[in-house]
Every structure is written in C-alpha cells, then in structure tokens.
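The chain contents come next:
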Amino acid sequence: MKLLRRLTLTLLALLLVVLIAVLQIASNRIAIPPRNELLPGQISILAEPNDSGMSITESLASDQTPYLLALPHSPLSKTGTLLQEQLRARGTQLTDQLRGTILLLHGFGGSKEDNLRITERFTAAGFACIMPDLPGQGSHPHNSASFGRREVPLLNNLVLELQNKHQLPTNTAVFGISQGGAIALQLAAQHPETFQTVVSLSTFANLAEIIARSTKHNSISKPLLPLVDWNTRLRFGFRPSQISPESAAQHITIPTYLAHGEQDQLIPPSHAQRIFQNLSTPHKKLRLVADANHNNVLAKGHLIYADIVSFLLTHAASPASTKS
C-alpha cells in the first residue's frame, strides 16, 4: 500500500512538472517571439535610403525604444512615382510640404525594418514616418510582447516625444499589420487626442480566439487554454483573452480603414468584419482582398496603396503643422 501511494505521488508530481513545462512553453510562444535577422533588401534600403526616395534617421527614444524616422527625399523611387501618378488620377493635389505623420507598427516577430517598403509609398505622398521596434521584437531591449497592454502607453509617449524632438506634423495616423494592427486599434481607442486616423490590416478581433484556433488539431492543448491565459498574465502582465480589438473598436471615434485577405487562414476575414461592425466612427471603410492571404494584402490589393493614402489625406492630412 505504501509503495502504491509513493508511486501515485511520484506520478502526480511528474504530471505537475509536465503541466508547468507545457504552460511555460505556451506562454513563451505568445509573448516571446523569435527575433529575425534583417533581410538583404532591408539592409540595402538602409544603406542607400535616397534611392527609395527617403532620408532615414535611426535613433533611440528616451525609453530606449529603437526607431527609424523616414522623410521624403528627391528624387522619388519608381514605386513612389507610380503612387503619385495614381493619386493625381484621383484628383489629389500633392505639395512639397509634409502632410502629416504616420506611426507604422510591424507584425508579430517582425521589426521596424519590415515597414520600409511601405514607408517608401507614404513618404512619396508627403508623410513623415515613424517606425519603432515593438517590445520583445527587433532590437527592442524589453524581453517580451504584450499585444497592446504595455505598447499603447509606450507608443503614445513615443509619438509625442518624437513630434517635439524632430518638429514633425502633429496631425498623426497610426498604421499596423496583424499584431501591429491590433495595437493600432487600441491606440486609436485610447488616444484620439494623439491620432486622427487609423489603418489596420489583417488583424484579429480577439487574441485568445486565434490562440485557440492554433490548437484546434491538438486535443490536449485546448483544455489548458484557461491555464495558459492565467500563466501569461502571471509571467508577462497580460491575459490574451483581454486583448480585444473588437472591444476597442466600440470606443474608436476617429476615421478607420480596415483591410483583410479573404483567403487568410491564420485570421479569418470574419474578424475584420466584426471589428468593422463595432466601430463607433461614421468614417470607416472595410476592404476585403479576394486573392490575399495573411501576408500579402498589400501585394494583392489592386491600387490599395492609393486607396489607403487617399483615406489618410482625406481624414488626417493637412498643411504642415508642427509643435512650437
């Protein structure tokens, strides 16, 4: 009998160790993405930014957040020239003045350099572009991400600091893809005094739903999701179940542009539709891109750059306005 009790206790202890290990691994996957090396194309742009129609400054904010600041520079690149032609065809008047500032937020496990090709278009339209590394990603010194819980106050302070430091236009938009799009929507909900427009691509309505979706083929993992939620809160300071752009949308009163791939297998387009339905702003647009998956909405969407820039110029841009 004593031997059986001892074996039972040993087995229970082993199961507890395995459970704790599984919870640690699951929470790590949510909050600690791998940090990738820069791609050759990104290195090339940073080495010769003028070839892309930009001047680029790389620096650190006062809280040590690494960022790139891109400004328009002549001559334009081919993509910048094409975008201007598309805008003029829509009757858009372009000037040499800065039309506004855009904060660009990268996807999960990405870096500020992921937005360089996108920025090439935005600077051609007359925008100053701020590209930060998000916590736990790129070269940011923080060791974990929180999908908006810590990022929202950090990014709001970053924009205000850099507007003052670099004398940037104060009419500001926030643009984000996937994780960045979720954070962008939360920023728009909480800081309408800082941001006048938000653009969110391929993002989720609720983070916990996407985590659960990733475990649909794993019958062991799904029952553990409430424990993973709790463990992530204990270790990293946020609960995935509380990261809800869908809920944030109810408090968004500024113009909002959403785009999503109809073939997105990671985050179904129904998430974008739910966010869109919850938006409080009367100035909103949802574009579903027929042939696009999670990663190529901008590549597959016909004239989507011109569409986004026209939306920004209509709702956020004005003649140069800087802090005194």
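Refer to the structure above for everything that follows.
Calculation criteria
Residues numbered from 1 in each chain as written. Predicted model: local features only at pLDDT ≥ 70, side-chain atom pairs only at ≥ 80, totals over all residues. Heavy atoms only, no water. Helix = DSSP H or I, 4+ residues; strand = E, 2+ residues; numbered from the N terminus. Rg over C-alpha atoms; globule rule 2.2 N^0.38 Å. Buried < 20%, exposed > 50% of the residue type's maximum accessible area, 1.4 Å probe, protein only. Areas by Shrake-Rupley, 256 points an atom, 1.4 Å probe, with all protein chains shown as cover. Lys, Arg positive; Asp, Glu negative; His and termini not counted. Charge placed at Lys NZ, Arg CZ, Asp CG, Glu CD. Contact = heavy atoms within 4.5 Å. Core = buried A, V, L, I, M, F, W, Y, C linked by side-chain atoms within 4.5 Å. Pairing = 2+ DSSP bridges. Axes fitted to C-alpha atoms, helices over the stretch in contact; angles between N-to-C directions. Right-handed = clockwise from strand over helix to strand, strands pointing away. Parallel < 35°, antiparallel > 145°, perpendicular 65-115°, else oblique. Left-handed = near helix turned anticlockwise from the far one by under 90°. Nonpolar A, V, L, I, M, F, W, Y, C, P; charged D, E, K, R; others polar. Salt bridge = Lys/Arg side-chain N within 4 Å of Asp/Glu carboxyl O.

Regarding the overall build of the protein
Assigned secondary structure in the protein consists of 12 helices and 8 strands. Radius of gyration (C-alpha) of the protein: 22 Å, near the 20 Å computed for a compact globule of 324 residues. Oriented by its inertia axes, the alpha-carbon framework of the protein measures out at about 85 × 40 × 35 Å. Out of the 324 residues in the protein, the part that is buried amounts to 51%. Of the roughly 15,000 Å² that the protein leaves accessible, carbon and sulfur atoms contribute 56%. Across the protein, 27 positive and 21 negative side-chain charges occur, with their mean positions spaced 11 Å apart.

Remarks on the environment of Ile 267
Assignment of secondary structure puts Ile 267 in the loop between strand 7 (256-261) and helix 10 (270-278). Separated by 179 residues in sequence, Ile 267 and Arg 88 have C-alpha atoms that sit 34 Å apart. In this structure Ile 267 touches Ser 178, Ser 202, Thr 203, Phe 204, Ile 210, His 260 and His 294, once residues within four positions along its chain are discounted.

Observations concerning the nonpolar core
Counting 34 residues, the largest nonpolar core has Ile 102, Phe 122, Phe 127, Phe 175 and Ile 308 as the members making the most contacts within it. Core analysis: the next-biggest nonpolar cluster, separate from the first, contains 32 residues, Tyr 67, Leu 187, Ala 249 and Ile 275 among them.

Examining the environment of Leu 38
Here Leu 38 shows up in the loop between helix 1 (2-31) and helix 2 (40-47). Considering only alpha carbons, one finds Leu 38 and Tyr 257, 219 residues apart in sequence, at a separation of 29 Å. Excluding residues that lie within four positions of it along the chain, Leu 38 makes contacts with Ile 43, Leu 46, Ser 111 and Glu 113.

Details of the sheet that holds strand 3 (residues 100-105)
The sheet built from 8 strands is open, its strands ordered 1-2-4-3-5-6-7-8 with mixed pairing. At either end of the open sheet lies a strand with only one pairing partner, and these are strand 1 (54-60) and strand 8 (284-289). Strand-to-strand twist in this sheet, taken as the mean axis angle between neighbours without regard to direction, amounts to 15 degrees. When strand 1 meets strand 2 (residues 66-72), the two strands line up antiparallel, connected through 7 bridges. Along strand 2, the bridge assignment pairs Met 54 with Pro 72. The strands touched by helix 6 (residues 179-190) within the sheet are strand 3, strand 5 (172-177), strand 6 (197-201) and strand 7, with strand 5 carrying the most contacts at an inclination of about 150 degrees.

A look at the pairing of strand 7
Summarising burial for strand 7: 6 of the 6 residues are buried, a large majority. By the alternation rule, side chains of strand 7 split into Thr 256, Leu 258 and His 260 and Tyr 257, Ala 259 and Gly 261, which are all buried. In this sheet, strand 7 lies alongside strand 6 in parallel orientation, the contact comprising 4 bridges. In the strand pairing of strand 7, Val 199 is matched with Tyr 257. Bridging between strand 7 and strand 8 involves 6 bridges; their strand directions are parallel. When the bridges of strand 8 are listed, Gly 261 appears paired with Val 289. Handedness of the β-α-β unit built from strand 7, helix 10 and strand 8 comes out right-handed.

Quick word on the packing of helix 3 (residues 78-89) against helix 4 (residues 116-124)
Where helix 3 contacts helix 4, the axes come no closer than 8 Å and their chain directions differ by 45 degrees. For the element pair helix 3 / helix 4, the angle class is oblique. The hand of the helix 3/helix 4 crossing is right-handed. Between helix 3, through Thr 79, Gly 80, Leu 83 and Gln 84, and helix 4, the contact on the second element is made entirely by Glu 120, Arg 121 and Ala 124. Each residue belonging to the contact of helix 3 with helix 4 can be placed in one class, and the counts come to 2 nonpolar, 3 polar and 2 charged.

Thoughts on the pattern of salt bridges
Under the definition given, this model contains 9 salt bridges. For Glu 209, the salt bridge goes to Arg 274, with nearest N and O atoms at 2.8 Å. A residue pair is termed long-range when its members are at least 10 positions apart, and Glu 209 in helix 7 (residues 207-214) and Arg 274 in helix 10 qualify at 65 residues. Residue Glu 209 is classed as partly exposed on the basis of its relative accessible area of 34%. Overall, Arg 274 belongs to the partly exposed group, its relative accessible area being 22%. Residues joined in a network through salt bridges with shared partners are Arg 90, Lys 285, Arg 287 and Asp 307.

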